[in-house]
Amino acid sequence: MIFDRYYSAIHRYVAARLGTVAADDVAAETFLAAFDQRDRYDLSWPEARAWLYGIATNLIGRHRRGEIRLYRALSRSATREEVASHADRVADRVSAERLSPALARGLAALPKGDRDALLLVACAQLSYAEVARALDIPIGTVGSRVNRARRKLRRTLGTTAEEAMNHG
């Protein structure tokens, strides 16, 4: 079943973007919307993963003020839990509970499209092709948005942005 297969991953992605309080509702809304839109699903795609992340990202967009508020609150935080090693998963480093204040501030300052593309790559670990599918944009646009977001975060954070957002 599609819910059983993808729910926990969608929930983690939403929690990383909006915090754990909103994640239950938005993840559930994602699957409700997917069910309602099932007739629009392109059956030439064997997996629904990118499609579901696209729906989740659109729903997150509706909660954008909450996402920005969360990042701004975290940016004022005086402490952060240190990441054990560079080998830790990107999703752990970017999750709302572990965001450094500087990274939260940098993410809040990014344009929505750039932030969405970057976080789909970093948190959801989608390929550029999957992000293009999720956001319904050309793959070249994904590359541009991700590169622009990384460049802006590097300027904001210095070299730690590259370490925090490196997906490869």
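These numbers come from a predicted model, not from an experiment. (Residues numbered from 1 in each chain as written. Predicted model: local features only at pLDDT ≥ 70, side-chain atom pairs only at ≥ 80, totals over all residues. Heavy atoms only, no water.)

Q: Describe the packing of helix α7 (residues 112-122) against helix α9 (residues 139-157), naming the residues involved and giving the relevant values.
A: In the contact formed by α7 and α9, the axes pass within 8 Å of each other and the chain directions differ by 95°. The angle between α7 and α9 places the two elements in the roughly perpendicular class. Each of G113, D114, A117, L118 and V121 in α7 lies in contact with α9, whose residues at this interface are R145, V146, R148, A149, R150, K152 and L153. (Axes fitted to C-alpha atoms, helices over the stretch in contact; angles between N-to-C directions. Helix = DSSP H or I, 4+ residues; strand = E, 2+ residues; numbered from the N terminus. Parallel < 35°, antiparallel > 145°, perpendicular 65-115°, else oblique. Contact = heavy atoms within 4.5 Å.)

Q: Any chance you could break down α7 for me, citing the residues and the numbers?
A: Burial runs high along α7: nine of the 11 residues are buried. Three or more residues of α7 are buried, namely D114, R115, D116, A117, L118, L119, L120, V121 and A122. (Buried < 20%, exposed > 50% of the residue type's maximum accessible area, 1.4 Å probe, protein only.)

Q: Mind laying out unusual backbone geometry, listing which residues take part and the relevant values?
A: One non-glycine residue, Q125, lies in the positive phi region at around 55°. Within the fold, Q125 resides in the loop between α7 and α8 (128-135). One non-glycine residue with positive phi stands out, namely D136, at about 55°. Looking at where D136 falls in the secondary structure, it is placed in the loop between α8 and α9.

Q: Quick rundown of the layout of surface pockets? Include the residues and the values.
A: Considering only enclosed or pocket space, the largest pocket measures out at about 350 Å³ in volume. Lining the largest pocket are 13 residues, with Q37, R40, W51, I55 and N58 sitting closest to its centre. Of all elements in the fold, only α3 (49-62) and α8 reach the threshold of two or more residues within the lining of the largest pocket. The dominant element in the lining of the largest pocket, judged by the number of residues it contributes, is α3, at six residues. For the lining of the largest pocket, a count of residues per class yields six nonpolar, three polar and four charged. (1 Å grid on protein atoms, 1.4 Å probe; cavity = no way out; pocket = protein on both sides within 12 Å on 5 of 7 lines; lining within 4 Å. Points joined across faces, edges and corners; volume = space filled by probe spheres on them. Nonpolar A, V, L, I, M, F, W, Y, C, P; charged D, E, K, R; others polar.)

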